[in-house]
Each structure stands twice: as structure tokens, then as C-alpha cells.
Amino acid sequence: AQTVTQSQPEMSVQEAETVTLSCTYDTSESDYYLFWYKQPPSRQMILVIRQEAYKQQNATENRFSVNFQKAAKSFSLKISDSQLGDAAMYFCAYKDNAGNMLTFGGGTRLMVKP
Amino acid sequence: EPEVTQTPSHQVTQMGQEVILRCVPISNHLYFYWYRQILGQKVEFLVSFYNNEISEKSEIFDDQFSVERPDGSNFTLKIRSTKLEDSAMYFCASSEFRTGGNQPQHFGDGTRLSIL
């Protein structure tokens, strides 16, 4: 079974600085997808960024980018120019190509200091 | 932007009672999901639903659980005889196409289920 691990329960960053959230996963599949979801307090999870395993190029969405290392099974999220609105719980998630199920990591709570 | 909506936001039920959690997926979406998160634990997949039938389910989704799309807009999760360990946040999600790819799943705010 696939597992996703987020080793940082909490992180904090100064406003305008850069922070990297870690995620590792375990799978025997070669074709799969990885996602980062953001969950602000008392709000729904929203998709931040996604990466297809067959793509070598790292995904980027504005201030959010990933460092996808397929051989190391690592998928970290970098947030540049952090803003107060980035404060949230961040979940890393895995899905293989055939199925519907998302497998989530335990989450990292990001605090942004003004 | 269209959203997945879930009702109620908080449900308190006596152990052994039946409970129905309701979700309205995004209107043009075809795939529907339920996940749960027990306090302090990971978000866990329960079930996915397409074309009026279950397409995938986890080991958690045993005989006490059922899902239904009773009309064109609602998607429900029923727990037949609730146990204390069913206390959790339940998330509904939907996606537009068959998720054999990177189609994102859009999540609702969740229903917090408390079993007494």
C-alpha cells in the first residue's frame, strides 16, 4: 500500500520569506500523481499544485513550486514571498494512475509571522 | 467559483443511531468521494462513486456504511449503527472526469460527526 509522510508537523516563516514543506511517499507504481492541498482554518481543502510523475519538469503555480525527486520519492513544496494568507494546514497527497483514491500525509501546519 | 457544500457542519448522535451526512457536489462533476479524518490522524479515503455505483472503497467502508445519490444534486453517506470510533470529520469531494489522471478533487468544508 502507498504511504505518504510529512515529517514536519509545524513550520513557521516570516512574511515575505521562503519556506519549504517536505513530503515523501512510498509506492511501487511508476505512473502516479502528487498533489499539495491547503486547508485554512475552518475552511475546505483547496488544491495548490499538482505534479504528474512522468513529467521531469517541476510544477509551478505563481509563488508555489515543487521539487519533485522521483528516484528519492520526494515531493517538497516551496512557498516564496510568504503572505499572511498562506497560514494553513498543508497536505501532501498521492494518487496512482488507475485509481480514484487520494492517500494523504499527516499534514504540516504553516504559521506566517508578520 | 462553484463549491462542494456539506450539511450539517456538526452532527451529534447517540451511539447506535443511524446518521446521514449530506453533500452537494459541483454540478457538472461526475465522480464523488467521501473521506474522513479522525482527530489527530490522517485524512483517509472511504469510497468513490460514479454512475450510481461504488467504483472503489477502502477497508474502512464496511457494511455499516452506504452511499447514495438520491437525486440529481445530493450525495449522501449513511452510517447505519454508529460507534464511538466513527467520531471524525467527514469530507465530501467531487471531480469532473474519470480520475485516471490528475483531475483534482474538490473538497467540501466537512461535517464534524460526534458520537456520544
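That block above? That's the structure.
Caption draft 1: Here's a closer look at the layout of surface pockets. One number sums up the size of the largest pocket: a volume of about 520 Å³. The wall of the largest pocket is formed by 22 residues, among which Q39 and R109 of chain A together with Q37, M89 and R112 of chain B lie closest to the centre. Every element with two or more residues in the lining of the largest pocket is listed here: strand 10 (88-96) and strand 12 (108-113) of chain A together with strand 9 (88-95) of chain B. With 3 residues, strand 10 of chain A is the single largest residue contributor to the lining of the largest pocket. Class assignment of the residues belonging to the lining of the largest pocket gives a composition of 11 nonpolar, 6 polar and 5 charged. Put simply, the second largest pocket is a space of about 280 Å³. The wall of the second largest pocket is formed by 14 residues, among which M101 and T103 of chain A together with V43, E44 and F45 of chain B lie closest to the centre. Secondary-structure elements contributing two or more residues to the lining of the second largest pocket are strand 11 (103-104) of chain A together with strand 5 (43-50) of chain B. Residues belonging to the lining of the second largest pocket are distributed by class as follows: 7 nonpolar, 4 polar and 3 charged.

Caption draft 2: Here's a closer look at the pattern of salt bridges. Residues and elements named next belong to chain B. Tallying each qualifying case throughout the model produces 4 salt bridges over all chains. E44 is the partner of R36 in a salt bridge, and the nearest nitrogen-oxygen pair spans 3.2 Å. E44 sits in the partly exposed class, given a relative accessible area of 23%.

Caption draft 3: Quick look at the side chain of S94 of chain B. All names here are of chain B. By the secondary structure assignment, S94 is in strand 9. The class for S94 is buried, based on a relative accessible area of 0%. Here the side chain of S94 touches I26 through a polar contact of 3.4 Å, landing on its backbone nitrogen. In this structure, S94 is in contact with V4, P25, I26, H29, Y31, F32, Y33, P104, Q105 and H106, ignoring residues within four places of it in sequence.

Caption draft 4: Fine view of the state of the cysteines. In this structure the tally under the stated criterion is 2 disulfides over all chains. For C23 of chain A, the disulfide goes to C92 of chain A, at an S-S distance of 2.0 Å. Because the torsion about its S-S bond is -70°, the bridge between C23 of chain A and C92 of chain A counts as left-handed. Placement of C23 of chain A in the loop between strand 3 (19-21) and strand 4 (24-26) and of C92 of chain A in strand 10 is noted, with a sequence separation of 69 residues between them. This pair shows no difference in class: C23 of chain A is buried, exactly as C92 of chain A is. Each sulfur in the disulfide pair C23 of chain B and C92 of chain B lies 1.9 Å from the other. Judged by the sign of its S-S torsion, about -65°, the bond between C23 of chain B and C92 of chain B is left-handed. With a gap of 69 residues between them, C23 of chain B in strand 3 (residues 19-24) and C92 of chain B in strand 9 connect regions that are remote in the sequence. Here C23 of chain B matches C92 of chain B in class, with each residue buried.

What counts and what doesn't
- Residues numbered from 1 in each chain as written.
- Chains lettered and ligands numbered in written order.
- Predicted model: local features only at pLDDT ≥ 70, side-chain atom pairs only at ≥ 80, totals over all residues.
- Heavy atoms only, no water.
- 1 Å grid on protein atoms, 1.4 Å probe; cavity = no way out; pocket = protein on both sides within 12 Å on 5 of 7 lines; lining within 4 Å.
- Points joined across faces, edges and corners; volume = space filled by probe spheres on them.
- Helix = DSSP H or I, 4+ residues; strand = E, 2+ residues; numbered from the N terminus.
- Nonpolar A, V, L, I, M, F, W, Y, C, P; charged D, E, K, R; others polar.
- Salt bridge = Lys/Arg side-chain N within 4 Å of Asp/Glu carboxyl O.
- Buried < 20%, exposed > 50% of the residue type's maximum accessible area, 1.4 Å probe, protein only.
- Polar contact = N/O pair within 3.5 Å; in protein donor to acceptor, adjacent residues only side chain to side chain.
- Contact = heavy atoms within 4.5 Å.
- Disulfide = S-S within 2.5 Å.

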